[in-house]
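Survey of secondary and tertiary structure
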Amino acid sequence: MKIAITGHSEGIGKSFANILSKQGHSIVGLSRRNGHNIRSLNKVIGPIVECDMFINNAQVGFAQTELLYKVWQQWHDQPKTIWLIGSIMSTNYKTPFEMEEYKLQKQTLDQAYYNLKNTRSKCKLTLVKPGKVDTQGEGGAPVDVWCQAVVDMWDRCSKDNLSLQEISIGHGS
């Protein structure tokens with residue numbers, strides 16, 4: 001399977017790219033480091049629509065949600081898959097002030113998911129909501145462990161012909 005991943009050069013995107021490529025998938029990595037800023041929607045949409053799956057991971061303002069709609073317009077009538085990397089924080093009512101804007105951006109992504117998942121479509125959406133994942137050395141679940149858990153759950157559901165619509169995996173108890 002050919003999989004496009006935004007933000008593939010570090011953190012969650014990089015881990016997904018490594019895990020999925022080891023499974024034999026072809027990865028199309030899109031990040032600022034290789035000239036693919038998701039704010040340039042017209043520049044990144046081309047490589048994505050040529051794939052079978054899209055992991056919408058990179059988050060810059062509301063561009064993640066805008067990119068979802070651009071891809072959805074191309075894929076809604078095709079049997080493709082989109083993973084939206086949201087955040088458990090979007091449902092947490094107690095958020096530090098400095099994280100309020102990020103929380104709103106992830107809530108907007110959640111709402112877009114809920115709007116689109118109830119439309120008639122061949123394209124499958126999965127909302128993946130991480131809890132605290134140690135992407136920058138600040139504690140939380142190890143990135144590779146967290147990503148492997150998501151891929152394992154997806155693989156298991158696919159094998160058993162189950163539709164994985166939402167998954168939230170936090171760290172600790």
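Because the structure is predicted, anything quoted here is derived from the model rather than measured.

**Remarks on the overall build of the protein**
Per the secondary structure count, the protein includes five helices and eight strands. Beginning at the N terminus, the succession of helices and strands in the protein can be written as β-α-β-α-β-α-β-α-β-β-β-α-β. Once the C-alpha set of the protein is aligned to its principal axes, its extents read approximately 40 × 35 × 30 Å. The proportion of buried residues among the 173 residues of the protein is 45%. Intrachain contacts of the protein at a sequence separation of at least 6 include 64% that bridge at least 24 residues. Taken as a whole, the protein presents about 9,300 Å² of accessible surface, with 48% of it coming from carbon and sulfur. Put simply, the protein has 20 plus and 16 minus side-chain charges, and the middle of one group is 4 Å from the middle of the other.

**Regarding the pattern of salt bridges**
Enumeration according to the criterion identifies three salt bridges in this entry. Here Arg 33 makes a salt bridge to Glu 10, at a shortest N to O gap of 2.8 Å. Of this pair, Arg 33 sits in the loop between strand S2 (26–30) and helix H2 (41–49) while Glu 10 sits in the loop between strand S1 (2–6) and helix H1 (11–22); the two residues are 23 residues apart in sequence, bridging distant segments of the chain. The exposed category is assigned to Arg 33, whose relative accessible area is 60%. On the basis of relative accessibility, which here comes to 42%, the residue Glu 10 falls in the partly exposed class. The shortest N-O distance in the salt bridge between Lys 129 and Asp 110 comes to 3.2 Å. Of this pair, Lys 129 sits in strand S5 (residues 124–130) while Asp 110 sits in helix H4 (residues 100–117), placing them 19 residues apart in sequence. Since its relative accessible area comes to 4%, Lys 129 is described here as buried. For Asp 110, a relative accessible area of 5% gives the class buried.

**Structural notes on the packing of H1 against helix H5 (residues 143–159)**
Contact geometry for H1 and H5: axes closest at 9 Å, N-to-C directions at 55°. On the basis of their axis angle, the class for H1 and H5 is oblique. Considering the relative orientation of H1 and H5, their crossing is right-handed. Where H1 abuts H5, its residues Gly 11, Ile 12, Ser 15, Phe 16, Ile 19 and Leu 20 lie against Val 143, Asp 144, Trp 146, Cys 147, Gln 148, Val 150, Val 151 and Trp 154. Of the residues that constitute the contact of H1 with H5, the class distribution is 10 nonpolar, three polar and one charged.

**Examining the side chain of Lys 129**
Reaching out from Lys 129, the side chain makes a polar contact with the side chain of Asp 110 at a distance of 3.2 Å. Sequence-distant contacts of Lys 129, defined by excluding residues within four places in its chain, comprise Gly 86, Ser 87, Ile 88, Ser 90, Thr 91, Asp 110, Trp 146, Ile 167, Ser 168 and Ile 169.

**Digging into the side chain of Lys 106**
Mapped onto the secondary structure, Lys 106 falls in helix H4. Leave out the neighbours within four places in its chain, and Lys 106 touches Gln 59, Gln 64, Ile 85, Gly 86, Ser 87 and Ser 90.

**Details of the packing of helix H3 (residues 63–75) against H4**
How two helices pack is summed up by the angle between their axes together with the distance between the axes. Where H3 meets H4, the axes come as close as 9 Å, and the angle between the chain directions of the two elements is 20°. It follows that H3 is roughly parallel to H4 by the angle criterion. Contact residues: Gln 64, Thr 65, Leu 68, Tyr 69 and Trp 72 in H3; Gln 105, Lys 106, Thr 108, Leu 109, Ala 112, Tyr 113, Asn 115 and Leu 116 in H4. Within the contact of H3 with H4, the residues separate by chemical class into seven nonpolar, five polar and one charged.

**Re H2**
Residue pairs three or four apart in sequence face the same way in an α-helix, which turns once every 3.6 residues. Turning to H2, its buried residues are Leu 41, Val 44, Ile 45, Ile 48 and Val 49. For H2, the arc enclosing every buried residue in end-on projection is 125°, short of the 170-degree limit, so these residues lie on one face. Looking at the buried side of H2, the elements it contacts are S1, S2, strand S3 (53–56) and H3.

Rules of the game
Residues numbered from 1 in each chain as written. Predicted model: local features only at pLDDT ≥ 70, side-chain atom pairs only at ≥ 80, totals over all residues. Heavy atoms only, no water. Helix = DSSP H or I, 4+ residues; strand = E, 2+ residues; numbered from the N terminus. Buried < 20%, exposed > 50% of the residue type's maximum accessible area, 1.4 Å probe, protein only. Contact = heavy atoms within 4.5 Å. Areas by Shrake-Rupley, 256 points an atom, 1.4 Å probe, with all protein chains shown as cover. Lys, Arg positive; Asp, Glu negative; His and termini not counted. Charge placed at Lys NZ, Arg CZ, Asp CG, Glu CD. Salt bridge = Lys/Arg side-chain N within 4 Å of Asp/Glu carboxyl O. Axes fitted to C-alpha atoms, helices over the stretch in contact; angles between N-to-C directions. Parallel < 35°, antiparallel > 145°, perpendicular 65-115°, else oblique. Left-handed = near helix turned anticlockwise from the far one by under 90°. Nonpolar A, V, L, I, M, F, W, Y, C, P; charged D, E, K, R; others polar. Polar contact = N/O pair within 3.5 Å; in protein donor to acceptor, adjacent residues only side chain to side chain. Arc of directions from axis to C-beta.

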